[in-house]
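Each chain is listed here by its residues.
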Amino acid sequence: MNKWIPPVAGLAAGILAATLVFGGGGPRTEQTATSTAKNTNAEKVYVPFGEKDEYYLMASGGHSGQMFVYGVPSMRKIRTIPVFSPDSATGYGYDEHSKKMLGDFTWGDLHHPAISETKGEYDGKYLFATDVANSRAAVVNLETFTTRDIINVPNTSGPHCAAFVTENTEYMFLPTRFAVPIGSEYASLDDYSEKYRGVMSAVTFDQEKEKLNVAYQVALPPWSYDLSDAGKGMSSDWAVMTTYNTEEATTNLEINASQADRDYIVLFNWKELEKMIQDGKYDEVTGQKMIFPEKHKGGIYLVPVAKSPHGVDVTPDGTRFIASGKLAPAMTVFSFEKAFEAVKKGDFEGERNGIPVLKYESVMEREVNPENALGPLHTQFDDKGMALTTMFISSEIVKWDPNTGETLDRVAVQYSPGHAAAAEGDTASPDGKYIVALNKLAKDTYLSVGPSHPESMQLIDLAGKKMEVIQSAPVDPEPHYAQMIKADKIKTISVYDIDKKNPDAISSNEDARIERKGNEVHVYGTAMRSKFTFDAKAKRPDVIEVNQGDKVYIHLTNIDLDQDITHGFGINKYDLNMEVQPGQTNTLVFTADKAGTFPLYCTNFCSALHQEMSGYLLVKPK
Ligand code: K7E
Ligand code: CUA
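Residues numbered from 1 in each chain as written. Chains lettered and ligands numbered in written order. Predicted model: local features only at pLDDT ≥ 70, side-chain atom pairs only at ≥ 80, totals over all residues. Heavy atoms only, no water.

### Considering the pairing of strand S20 (residues 331-335)
Extensive coverage of S20 is indicated by the burial of five of its five residues. Both faces of S20 are covered, namely the face carrying Met331, Val333 and Ser335 and the face carrying Thr332 and Phe334. Strand direction decides the pairing type here: strand S19 (residues 320-325) and S20, joined by five bridges, are antiparallel. Its bridge partner lying in S20, Ala323 is registered against Thr332. Hairpin connection of S19 to S20: five residues between the antiparallel strands. Relative to strand S23 (residues 364-368), S20 runs antiparallel, the two being bridged by four bridges. In the sheet register, Met331 faces S23, and the bridge partner there is Val368. (Buried < 20%, exposed > 50% of the residue type's maximum accessible area, 1.4 Å probe, protein only. Helix = DSSP H or I, 4+ residues; strand = E, 2+ residues; numbered from the N terminus. Pairing = 2+ DSSP bridges.)

Put into structure tokens, the structure is as follows:
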């Protein structure tokens, strides 16, 4: 490094990082054409110390159950948000609030994050996600980047299609990936076609109470619903979703669910479904308002599509939807206008399971088949409305014009992209600056860590003449999907207001006390650099003494109202940990069933005397 002085001293770290990423070595005294290109790329992704990234990337953590937050263009990981799985680092899943939200589940499979929208634009307030593993939906508050609510979605197994919100976050639609009998009761697979259903749930979110709610459900045919997207502008009352296994196969799906030449896109008008509910056109099943489309007609249509489709994406102007087929080399562009026309005229080719099927030719606008491109999965858009489709098999992103079908550009990625996330990509006005390829395989990209490698995200610059990969970052499993939002749309708080109305909160050390009610012990304590105070009047204020068998409630308030001074609270050998962020009150509840002496300590490094921030839990034997 000392031989070669970068133009700006601060750039050195960035160049070095980029050199590592791009595998550069060799002498740096001579500037070759390639190394100049590398340096230009390094500058594009370098965010100097003191400056911040331009975008947040909210990435799915797949079967880690979590969400990961990255900065773009640096691709630095900033945070893990625990959502569907416990997290030792933050005590998520141990304190009372998060423990209740998680229930008995210890893992989740998070596929598609969705930022709340206002008028078709990300508004930066909330982030939604669903869990394919245990059929849950969750909401994360983006003032604090914490999970606020989780609901179990009944009658559904694996809401993979979600979460995609409507233009003003009126609904998220959660169709099921796995058909199950309603109520998930036992039913022989021989009765699959009669007894199984692919239930779609319409979920609403109450911002005031920060609560999710299943408004109603629709008992769709027993097919697998894969991906969905909400309409925009002229199509804002509508939504689309892909479905496969319309063969209703019950075994060897990889063969049996690919028999028919065509599957369907389900096209539905959620305003009409809403009206059906208001008009009482539903059955009450398992405590849910359930619409059976074969009984109450209208609002739902099927559009034939090339077999085994995966992604379906609505164009930013809301005029078209584009389906991609795992097994077909082509993308199909459909027109909402044509679909509406066909619905109005009743131009159907028949019915499937009581749902009208529109004629392919009446709705289809064009099939697009870029040369040698294979395995189209998902489409995003740039600022000119051009489509950017990931090609899983040919490992590339192809840019093409939905108006003409013309291929405009392509860029190789390493390797096998699933989704990609463009800057403001799902809004009515994408930025056209960046797209991140979410690659399923890294193979030789990073230092080897054994037979299993990390997944990989690659940042692609869209601003230049040609798309270009300019940065690459390893990522934990599994980057299914992500959304990229302009950083200035997110308004975080720096400390919590101590909630004076919360009976568990106290705001000064003097109020710290331990109250006993029978064999229940309530500790109202504080955390402040660098001590715990559980009982202000006691000889040892940082000690909690209880009897074996007591039920212990520890309510802890962090009264250090200073940005980033988070305290942790862990108890040795009791498998208990939680955190209190500045101003936050949190509660641990446990039964002191083990007698003995248990040191407790602050788990989060908070000051020079952090090591001293400790005490004891003494449990007197019976
Ligand atoms: Cu991995 Cu959206 Cu679950 Cu496609 S999904 S690749
Ligand atoms: Cu408080 Cu470490």
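### As for the pairing of strand S8 (residues 172-175)
Side chains on a regular strand alternate between the two faces of the sheet. Covered by surrounding structure in S8 are Met172 and Leu174 together with Phe173 and Pro175, the residues of both alternating faces. Two strands pair when backbone bridges link them, and S8 and strand S10 (residues 196-206) are joined in this way by four bridges, in the antiparallel orientation. Across the sheet, residue Pro175 finds its bridge partner in S10, namely Met200.

### Side note on the UniProt feature "domain: Cytochrome oxidase subunit II copper A binding" (unreviewed entry) in the chain
Listed under "domain: Cytochrome oxidase subunit II copper A binding" (unreviewed entry) in the UniProt record, and renumbered for this structure, are residues 518-622. Along residues 518-622 one finds 0% helix and 52% strand; the C-alpha atoms at either end are 15 Å apart. (UniProt positions renumbered as here; feature names shortened; annotations may be inferred.)

### Digging into unusual backbone geometry
Most peptide bonds are trans, and most residues other than glycine sit at a negative phi. With omega at 20°, the peptide bond leading from Val72 into Pro73 counts as cis. With respect to the helices and strands, the residue Pro73 is situated in the loop between strand S2 (66-72) and strand S3 (77-82). With an omega dihedral of -5°, the bond running from Arg529 to Ser530 counts as a cis peptide bond. Topologically, Ser530 is positioned in the loop between strand S34 (520-528) and strand S35 (531-533). Phi is positive for Phe145, which is not a glycine, with a value near 55°. Mapped onto the elements of the fold, Phe145 is located in the loop between strand S6 (136-141) and strand S7 (146-152).

### Details of the site of ligand 1
Close contacts around ligand 1 come from His111, His112, His160, Leu227, His310, Leu377, His378, Gly418, His419, Lys440 and His480, and that covers them all. When atom positions are compared with the pocket grids, ligand 1 is found to occupy the second largest pocket. The set of elements that each furnish at least two residues to the shell around ligand 1 consists of strand S24 (376-381) and strand S28 (417-422). Of the residues assigned to the shell around ligand 1, the class counts are two nonpolar, eight polar and one charged. (Near = heavy atom within 4 Å. 1 Å grid on protein atoms, 1.4 Å probe; cavity = no way out; pocket = protein on both sides within 12 Å on 5 of 7 lines; lining within 4 Å. Sits in = over half its atoms within 2 Å of the grid points. Nonpolar A, V, L, I, M, F, W, Y, C, P; charged D, E, K, R; others polar.)

### A closer look at helix H7 (residues 336-345)
Within H7, the full set of buried residues consists of Phe336, Ala339, Ala342 and Val343. Looking straight down H7, one finds that the buried residues subtend no more than 125° of arc, so they occupy a single side. Opposite the buried face of H7, at more than 90 degrees from it, the exposed residues are Glu337, Lys344 and Lys345. Two residues or fewer after H7 comes Gly346, characterised by a positive phi angle close to 65°. (Arc of directions from axis to C-beta.)

### Concerning the pattern of salt bridges
Opposite charge on two side chains allows them to pair when their charged atoms are near. This model, assessed by the stated rule, comprises 32 salt bridges. A salt bridge links Asp149 to Lys211, with the shortest nitrogen-to-oxygen separation between them at 3.7 Å. One end of the pair, Asp149, is in strand S7; the other, Lys211, is in strand S11 (residues 211-220), with 62 residues separating them in the sequence. A salt bridge links Glu478 to Lys440; the shortest N-O distance between them is 3.2 Å. Of this pair, Glu478 sits in the loop between strand S31 (468-475) and strand S32 (482-486) while Lys440 sits in the loop between strand S29 (434-439) and strand S30 (455-461), and the two are 38 residues apart along the sequence. (Salt bridge = Lys/Arg side-chain N within 4 Å of Asp/Glu carboxyl O.)

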